[in-house]
Amino acid sequence: MDTTGYDFTDPYELARFIKDAEKTTPVTFYVKGQLSDEAFAGLEFYGSNGSYTVFCTAIEAKDFIAANQASIASSRIVNDRRNSAIPLLDMTEINARIEPGAFIRTGAIIGESAVIMMGAIINIGAVVGKESMIDMGAVLGARAQIGERCHIGAGAVIAGVLEPPSKQPVIIEDGVLVGANAVVLEGVRVGKGAVVAAGAIVTTDVEPDTVVAGSPARVVKDKDEQTESKTQIVDDLRR
């Protein structure tokens, strides 16, 4: 999908991109029968000797079945989305570690040597900085900005700012640790080197090198040597 001409830092531009995008229901279509290659004209298909796998849209699969019903012994249509506007990001050229089950949409930016763990969800327009880790099941909403060498803990939510629209995305500056199951609400900036405790609900900006906890989150102390040792980034996990 061509993303040129759109400013993904602007929620209204994101909405325009989604509106302009062709909505599709892609499927994987398995079919057995006495079928010739010519029957699949215009479709991407693989197989021979009466057993085929086809990649197409739901409408194309159903039209194929209707047109070739007499020659089909059995068929199955498998799909995981409906009228989808934004495909998943092509990860084959990204110089980062991305584990199975992560969902990253086109328009997201993944920095060099970042780590995206199982089940993480990264929406369109989100940015993950160099050497940052997005842990299992964490969610980065649309336009969320994660700096370099951060750790976003398992199950944490960095709120998106697509609907209702906001001009200010969530910004997590460099070296921040966000604990498991914490939530950072839209428009919040978390300063460089800060620590957000597990389960905290962050509704206002966080000053650099402070530790916040609670709901709503409040400063509990300045970052010290003990905090540094407990929030250390492990370089070997990013190599």
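Residues numbered from 1 in each chain as written. Predicted model: local features only at pLDDT ≥ 70, side-chain atom pairs only at ≥ 80, totals over all residues. Heavy atoms only, no water.

J.: So what exactly am I meant to see when it comes to the overall build of the chain here?
T.: Looking only at helices and strands, the chain features three helices and 23 strands. In terms of overall dimensions, the chain is more spread out than a globule: its C-alpha atoms have a radius of gyration of 22 Å, far above the 18 Å expected for 239 residues. Projecting the C-alpha coordinates of the chain onto the three principal axes gives extents of approximately 75 × 40 × 30 Å. A fraction of 33% describes how many contacts in the chain between residues 6 or more apart in sequence connect residues 24 or more apart. Roughly 12600 Å² of accessible area belongs to the chain as shown, and the carbon and sulfur atoms make up 51% of that amount. (Helix = DSSP H or I, 4+ residues; strand = E, 2+ residues; numbered from the N terminus. Rg over C-alpha atoms; globule rule 2.2 N^0.38 Å. Contact = heavy atoms within 4.5 Å. Areas by Shrake-Rupley, 256 points an atom, 1.4 Å probe, with all protein chains shown as cover.)

J.: Mind showing me how you'd approach the pairing of strand β23 (residues 218-222) here?
T.: Sheet faces and side chains relate simply in a regular strand, where the side chains alternate between the two faces. Counting buried positions over the five residues of β23 gives zero, only a small fraction of the element. Pairing between strand β22 (residues 210-213) and β23: four bridges, direction antiparallel. Each bridged residue has a counterpart across the sheet, and for threonine 210 the counterpart in β23 is aspartate 222. What sits between the antiparallel neighbours β22 and β23 is a turn of four residues, in which glycine 214 has the positive phi angle 100 degrees. (Buried < 20%, exposed > 50% of the residue type's maximum accessible area, 1.4 Å probe, protein only. Pairing = 2+ DSSP bridges.)

J.: I would appreciate a short explanation of helix α1 (residues 11-20) in the present structure.
T.: Think of an α-helix as turning once every 3.6 residues; residues three or four places apart then point the same way. Listed as buried for α1 are Pro11, Glu13, Leu14 and Phe17. Buried residues of α1, seen end-on, are gathered within an arc of 160 degrees and therefore sit on one face of the element. Summarising the geometry of α1, the exposed residues directed more than 90 degrees from the buried face are Tyr12 and Lys19. (Arc of directions from axis to C-beta.)

J.: How should I be thinking about the sheet that holds β23 in this particular structure?
T.: Consider a sheet: its strands pair through backbone hydrogen bonds, and that pairing is either parallel or antiparallel. Read across the sheet, eight strands follow the order β5-β8-β11-β14-β17-β20-β22-β23 without closing on themselves; strand pairing throughout is mixed. Of all the strands in the sheet, just β5 (97-98) and β23 have a single pairing partner and so form its edges.

J.: Can you help me understand a nonpolar patch on the surface in this one?
T.: Where nonpolar side chains cluster on the molecular surface, the patch consists of Leu88, Phe103 and Ile121 and spans about 260 Å² of accessible area. Checked against the element boundaries, phenylalanine 103 lands in strand β6 (residues 103-104). (Patch = residues over 30% accessible without salt bridge, like charges linked within 9 Å, V, L, I, M, F, W, Y side chains within 5 Å. Salt bridge = Lys/Arg side-chain N within 4 Å of Asp/Glu carboxyl O.)

J.: What am I meant to see in helix α2 (residues 58-68) here?
T.: Turning to α2, its buried residues number three or more, namely Ala58, Ala61, Phe64 and Asn68. Projection of α2 onto a plane perpendicular to its axis shows the buried side chains occupying an angular sector of 125 degrees, all on one side. Turned more than 90 degrees away from the buried face of α2, the exposed residues are Ile59, Lys62, Asp63, Ala66 and Ala67. Contact partners of the buried residues in α2: β1 (26-33), β3 (51-57) and β4 (72-78).

J.: Help me understand the pattern of salt bridges in this model?
T.: Should the charged atoms of two oppositely charged side chains come close, the side chains can pair. Tallied over the entire structure, the rule returns nine salt bridges. Where lysine 221 meets aspartate 224, a salt bridge forms, and the shortest distance between an N and an O atom there is 3.5 Å. The class for aspartate 224 is partly exposed, based on a relative accessible area of 31%. Via salt bridges that share partners, Glu13, Arg16, Lys19 and Asp20 belong to a single interconnected network.

J.: Would you explain the side chain of threonine 25 in this entry?
T.: Residue position: threonine 25 is located in the loop between α1 and β1. A relative accessible area of 9% means that threonine 25 is categorised as buried. A polar atom in the side chain of threonine 25 sits 3.3 Å from the side chain of arginine 82. What threonine 25 contacts, discounting residues up to four positions off in sequence, is Cys56, Thr57, Ala58, Asn79, Arg81, Arg82 and Asn83. (Polar contact = N/O pair within 3.5 Å; in protein donor to acceptor, adjacent residues only side chain to side chain.)

J.: What's the story with the environment of proline 164 in this structure? I'm lost.
T.: In this structure, proline 164 sits in the loop between β15 (157-158) and β16 (171-172). Considered as a pair, proline 164 and proline 11 are 153 residues apart in the sequence and their alpha carbons are 8.9 Å apart.

J.: Sorry if this is basic, but what is going on with the environment of glutamate 148 here?
T.: Residue placement: glutamate 148 occurs in the loop between β13 (145-146) and β14 (151-152). When its relative accessible area of 40% is taken as the criterion, glutamate 148 is described as partly exposed. Along the chain, glutamate 148 and valine 128 lie 20 residues apart, while their C-alpha atoms are 7.5 Å from each other. Setting aside residues no more than four positions away along its own chain, glutamate 148 makes contact with Gly129, Lys130, Ser132, Asp174 and Gly175.

J.: For this particular structure, what's the right way to read the environment of alanine 217?
T.: Here alanine 217 is to be found in the loop between β22 and β23. Distance from alanine 217 to glutamate 38, taken between C-alpha atoms, is 64 Å for residues 179 residues apart in sequence. Alanine 217 has contacts with Ala200, Ile201, Val202 and Val212, leaving out every residue within four places of it along the chain.

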